[in-house]
Amino acid sequence: MQPRSRDLGIEIGSLRTGPANAITDVAGLRVGHTTLVEGEDVRTGVTVVLTPPEPLFAGSHTINGNGELTGLEWIRDSGTLTTPIGLTNTHSVGVVRDALVAAARPGEWDWSLPVVGETWDGFLNDINGFHVRPEHVVSAFAAAGDGPVEEGSVGGGTGMICHGFKGGIGTASRVLEDGWTLGVLVQANHGRRPRLRVNGIPVGERIGADVVPLPARGAGEGAGSIIVLIATDAPLLPGQCERVARRAGFGIARTGGMGERSSGDFALCFATGNRGLLADEPELALRMVNDGGINAFYEAVIDAVEESILNAMLASETMTGRDGNTVHGLPHELLLEALQAGSSITSST
């Protein structure tokens with residue numbers, strides 16, 4: 001596996017991470033990928049996040065709506081997430097959605113409104129070839145596990161671009177002082193090279209196109225999207241989940257993302273701290289985090305989103321795909337040099 005941000009000595013924020021520094025540090029979650037790299041023009045796939053098999057309180061936020069995350073209307077209306085989550089390319093949302101209906105929990109539901117998010121991989125992938133098929137979703141289910149999560153050019157992130165470098169799937173987690181865990185997983189396909197920042201340092205300006213070539217015209221730099229999935233084992237209520245989801249935009253912005261008009265940027269937060277929401281009882285006893293402590297969750301999600309985006313780039317190597325199009329990986333040594341140079345300037349001012 002490629003080094004992650006902390007392997008390179010890059011720490012985002014002051015909170016400690018969970019054991020795997022991944023969304024799977026929230027107990028009961030599993031992540032699986034099916035990666036499709038075939039011939040010269042297939043660079044795509046599907047990622048699934050499997051949640052406990054019952055409704056969970058949830059909330060969502062749209063930063064910019066030029067994209068898709070299905071099932072949000074029912075989440076907004078009911079305040080619950082009732083299905084696993086799929087991530088794929090823009091033109092494969094339908095087939096992944098249908099496959100989730102068929103494969104997620106057969107026999108347990110009479111109806112299903114699956115949650116499937118997308119970002120556009122058409123620069124590297126033959127997106128109109130519809131290469132993602134139902135059996136690929138089944139394979140992702142079978143491959144799903146807890147613990148460390150494979151990152152970078154895998155699953156739904158296979159053909160993605162981030163800040164002019166190769167992007168994809170990234171994840172991170174934080175453990176709050178009260179003991180609650182919050183985990184993030186992103187499919188990062190957004191941003192412009194000159195805006196890229198790490199720990200506030202403008203590293204993108206220092207790794208210019210003359211050093212690492214930008215993708216050729218047509219990649220749509222700055223026109224891509226990002227999906228942010230946030231999970232916590234804390235007993236957050238739906239309104240609190242929505243407010244935490246809103247803060248994902250701060251983490252995106254700290255890396256230089258700005259939610260351009262052509263970008264589809266969605267965040268979904270769900271909480272496993274209240275269970276048994278399907279119980280056949282006229283009343284349910286719920287728990288909730290004291291709202292006076294919600295700021296800790298905001299800090300955790302902002303830091304974890306920033307680190308997840310960085311991990312997605314660090315894990316992704318240079319890729320050539322459709323029509324010979326090439327996207328370069330983020331060189332680790334150049335990133336560290338840019339961070340060192342930026343730190344030196346900051347400390348001397």
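See the structure printed just above.
Since this is a predicted model, take the numbers as computed values, not measurements. (Residues numbered from 1 in each chain as written. Predicted model: local features only at pLDDT ≥ 70, side-chain atom pairs only at ≥ 80, totals over all residues. Heavy atoms only, no water.)

Chemist: What is the right way to look at unusual backbone geometry in this model?
Modeler: Comment: phi is negative for the bulk of residues other than glycine, and the bulk of peptide bonds are trans. Residue Asn21 is not a glycine yet carries a positive backbone phi of 50 degrees. Tracing the sequence through the fold places Asn21 in the segment before β1 (30-38). In this model, His163 sits at a positive phi of 55 degrees, which is unusual for a non-glycine residue. Mapped onto the secondary structure, His163 falls in the loop between β7 (161-162) and β8 (165-166). (Helix = DSSP H or I, 4+ residues; strand = E, 2+ residues; numbered from the N terminus.)

Chemist: Would you explain the environment of Asp323 in this entry?
Modeler: Relative to the helices and strands, Asp323 resides in the loop between β13 (319-320) and β14 (326-327). Along the primary structure Asp323 and Leu124 are separated by 199 residues, whereas in three dimensions their C-alpha atoms are 7.9 Å apart. Side chain to side chain, Asp323 and Arg322 meet in a polar contact 2.7 Å long. (Polar contact = N/O pair within 3.5 Å; in protein donor to acceptor, adjacent residues only side chain to side chain.)

Chemist: How do you make sense of the sheet that holds strand β2 (residues 42-50) when you look at a structure like this?
Modeler: Strand pairing in a sheet relies on backbone hydrogen bonds, with the paired strands running either antiparallel or parallel. Read from one edge to the other, the open sheet built from four strands follows the order β1-β2-β5-β6, with strand pairing classed as mixed. Across the chains shown, the open sheet's two edge strands, defined by having one partner strand only, are β1 and β6 (115-119). Ignoring which end each strand starts from, the neighbouring axes of this sheet average 15 degrees apart. Note: strand β5 (residues 85-89) against β6, five bridges, orientation parallel. Within β6, the position partnered with Ile85 by the bridge is Val115. Along the sheet face, helix α3 (residues 134-143) touches β1 and β2 and points at about 135 degrees away from the line of β1. (Pairing = 2+ DSSP bridges. Axes fitted to C-alpha atoms, helices over the stretch in contact; angles between N-to-C directions. Contact = heavy atoms within 4.5 Å.)

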